[in-house]
Amino acid sequence: MGRDAAPEHVHVITVPRPGAPRDLLWERFAGVFGIDPRRYAPTGERANPSLGVPETALLRRVNQQVNNGVLANDDYRRFVRELLAHRTLSQRSESPRLALPPQTRSWAADLSESWIGLLGERGYDVVGDLAELRPEPAAGTAFVDPDHPDETQVADAATEAIVVLLQEAARLAGVERSLREDVHAAHRDLDRTRGLWFRAKRRLVHLADDNRAAAAGLTAYRRVRARSSRSA
């Protein structure tokens with residue numbers, strides 16, 4: 001992409017390391033385009049934490065079960081992506097983190113060094129630090145294969161996910177009950193504002209389903225109403 005452009009017209013924006021100010025990446029982009037970053041600063045406080053190994057394994061299994069038409073897209077975003085992944089599973093910080101296996105980490109480290117050297121030689125406009133292209137140092141804990149997680153940890157994550165879903169189901173049921181009660185109250189208020197004749201007619205309609213005499217009376221009433229309408 002940069003072979004036919006002058007080096008100063010090619011901008012390389014690096015991603016800040018974990019722990020950097022949350023708006024730093026946006027400030028780098030805004031600076032390239034000459035935008036005041038404060039004028040269009042993100043308004044939300046949402047972070048984007050990563051999932052641990054057992055949480056990733058659990059979410060993968062959930063996806064395998066619900067991504068074949070079980071959940072509509074809106075329901076998937078609401079319950080799986082937001083409620084489970086973002087608000088629940090990503091908050092479990094004690095589980096092993098996703099990482100590269102040792103042999104892949106060596107390959108990634110060699111590749112990043114070649115990129116850093118090449119970008120430095122070409123003289124592109126670097127916004128940030130090319131050192132940020134290097135992989136993070138290996139964590140002190142041993143690598144955990146996400147394809148073979150600790151099933152006890154997966155079960156713990158699944159239990160917490162089930163509890164959260166039950167709490168959400170209970171909350172939604174409470175909202176539904178409240179709405180039902182509001183509708184019933186509105187019907188009662190409406191009934192109080194209507195006359196005795198309307199309530200008697202509605203009672204007759206209900207009785208007509210099981211009572212022949214009431215059904216005959218309702219039929220006669222409708223005939224009289226029909227004649228009155230034609231004569232009017």
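Residues numbered from 1 in each chain as written. Predicted model: local features only at pLDDT ≥ 70, side-chain atom pairs only at ≥ 80, totals over all residues. Heavy atoms only, no water.

## Section: the overall build of the chain
Then, number 1: In terms of regular secondary structure, the chain is built from 7 helices and 2 strands.
Then, number 2: Ordered by position from N to C terminus, the α and β elements of the chain give β-α-α-α-α-β-α-α-α.
Then, number 3: Here the chain holds 232 residues, and 22% of them are scored as buried.
Then, number 4: In the chain, 68% of the contacts between residues at least 6 apart in sequence involve partners at least 24 apart.
Then, number 5: Carbon and sulfur atoms make up 55% of the accessible area of the chain, which amounts to about 17,000 Å² in all. (Helix = DSSP H or I, 4+ residues; strand = E, 2+ residues; numbered from the N terminus. Buried < 20%, exposed > 50% of the residue type's maximum accessible area, 1.4 Å probe, protein only. Contact = heavy atoms within 4.5 Å. Areas by Shrake-Rupley, 256 points an atom, 1.4 Å probe, with all protein chains shown as cover.)

## Regarding the side chain of glutamate 132
Then, number 1: Locating glutamate 132 in the fold gives a position in the loop between strand S2 (125–127) and helix H5 (151–193).
Then, number 2: Within the local environment of glutamate 132, its side chain forms a polar contact with the side chain of arginine 28, the two groups lying 2.9 Å apart.
Then, number 3: When sequence neighbours within four positions are dropped, the list of residues in contact with glutamate 132 reads Thr14, Val15, Pro16, Arg17 and Arg28. (Polar contact = N/O pair within 3.5 Å; in protein donor to acceptor, adjacent residues only side chain to side chain.)

## Section: the pattern of salt bridges
Then, number 1: Overall, the coordinates contain 13 salt bridges when judged by the stated rule.
Then, number 2: Linking arginine 22 and aspartate 23 is a salt bridge whose minimum nitrogen-to-oxygen distance equals 3.4 Å.
Then, number 3: In this structure, the salt-bridge partner of glutamate 176 is arginine 180, at a minimum N-O distance of 3.4 Å. Here the residue glutamate 176 and the residue arginine 180 both occupy positions in helix H5, the gap between them amounting to 4 residues, near one helical turn.
Then, number 4: Overall, the relative accessible area of 48% leaves glutamate 176 in the partly exposed class.
Then, number 5: Beyond isolated ion pairs, a larger network of salt bridges with shared partners links Glu55, Arg92 and Glu160. (Salt bridge = Lys/Arg side-chain N within 4 Å of Asp/Glu carboxyl O.)

## Topic: the nonpolar core
Then, number 1: Core analysis: the biggest nonpolar cluster contains 11 residues, these being Leu51, Ala57, Leu58, Leu59, Val80, Leu84, Ala85, Leu89, Val154, Ala157 and Ala161.
Then, number 2: The set of elements that each furnish at least two residues to this core consists of helix H2 (53–66), helix H3 (73–86) and H5.
Then, number 3: Sequence-distant contacts of leucine 84, that is, excluding residues within four places in its chain, are made with Phe79, Leu89, Ser90, Ala161 and Leu165.
Then, number 4: Of all hydrophobic cores here, the second largest spans 6 residues; its members include Val10, Val12, Leu119 and Tyr124. (Core = buried A, V, L, I, M, F, W, Y, C linked by side-chain atoms within 4.5 Å.)

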